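Listed here are the chains, written in short residue letters.
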Amino acid sequence: MIIVLLGPPGAGKGTQGERLAARLGVPKIATGDVLRAAVRDGTPLGLEAKAAMDRGDLVPDAVIMGIMKEALAAPSAARGAILDGVVRTTPQADGLAETLQALGKPVDAVLLFEIDEDELVRRLSGRTTCDACQRPFFGRAPGETCAESGQVGTLVRRKDAEPEAIRKRMQVYRDQTAPVIDWYATRGTNMVRIDAIGSLDEVEARMLAALRIQ
């Protein structure tokens, strides 16, 4: 089963993707993770990606999809995968479709996590991160101490977690993702909309029910 996750940053799709992957016994594959792994391992595509990043350029979609194809062809993904952050633009949707067609793996569903913008601003602006271990926290203020990892760090609020920055990120998301939603809709892909407001367990229950997973 191949499932594509869509949704704005902070909607919880990464967390729910991990839960779904564990439930189905398949890997959750995130673009950033496989890209970093390819660079770390020094694969041919990883070296291409590193060269682009060293120049300050975006990694070309063709390189990213090549790395994604390797991940999807791995034995661990034989039964499918949950794809997080793989499709953000229509060219990426095209590239993923071509990659999956080459592997003989269709997209079974697209999960669209939906959340009110004001709720998203409240949620993300309440998040702080430890500057030592990078662990995120909710409901704790900047300047507090973190010693969760054995290192003593200070909680900070990232610049992209400021309310105005969050609203700008939401506008970029809407501009990029609305065409992606249309792209999948015109191709008859099973699009499942998930209300992302609520506890982790509540959102997971909605997701599983929508996918008819017991």
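Parameters and conventions
Residues numbered from 1 in each chain as written. Predicted model: local features only at pLDDT ≥ 70, side-chain atom pairs only at ≥ 80, totals over all residues. Heavy atoms only, no water. Axes fitted to C-alpha atoms, helices over the stretch in contact; angles between N-to-C directions. Helix = DSSP H or I, 4+ residues; strand = E, 2+ residues; numbered from the N terminus. Parallel < 35°, antiparallel > 145°, perpendicular 65-115°, else oblique. Left-handed = near helix turned anticlockwise from the far one by under 90°. Contact = heavy atoms within 4.5 Å. Nonpolar A, V, L, I, M, F, W, Y, C, P; charged D, E, K, R; others polar. Pairing = 2+ DSSP bridges.

1. Regarding the packing of helix 1 (residues 13–24) against helix 8 (residues 200–211)
Close contact between helix 1 and helix 8 brings their axes to 10 Å; oriented N to C, the two are set at 55 degrees. Considered as vectors, helix 1 and helix 8 are oriented oblique to each other. The interaxial crossing formed by helix 1 with helix 8 has right-handed handedness. Contact residues: helix 1 offers T15, Q16, R19, L20 and R23, while helix 8 offers L200, D201, V203, E204, M207, L208 and L211. The residue inventory of the contact of helix 1 with helix 8, partitioned by class, reads six nonpolar, two polar and four charged.

2. Structural notes on the sheet that holds strand 9 (residues 191–195)
The five strands are arranged 2-3-1-4-9 in an open sheet whose pairing can be described as parallel. Taken across any chain shown, the strands that pair with only one partner, and hence form the sheet edges, are strand 2 (28–30) and strand 9. The average angle at which neighbouring strand axes cross in this sheet is 25 degrees, direction not considered. Inspection of the sheet shows strand 1 (residues 2–6) paired to strand 4 (residues 109–114) by four bridges, in the parallel sense. By the bridge assignment for strand 4, V4 is matched with V110. Against the sheet, helix 1 contacts strand 1, strand 2, strand 3 (81–84) and strand 4, and its axis sits at roughly 175 degrees relative to strand 3. Contacts from helix 8 reach strand 1, strand 4 and strand 9, with the element oriented near 160 degrees to strand 9.

3. A few points about the pairing of strand 5 (residues 127–130)
Note: strand 5 against strand 6 (residues 136–138), three bridges, orientation antiparallel. Counterpart to T128 in the pairing with strand 6 is F137. Hairpin connection from strand 5 to strand 6: five residues lie between these consecutive antiparallel strands, with Q134 at a positive phi of about 70 degrees. Of the pairings in the sheet, the one linking strand 5 to strand 8 (residues 153–156) comprises two bridges and is antiparallel in character. Each residue of the ladder has a partner; that of T129, found in strand 8, is V156.

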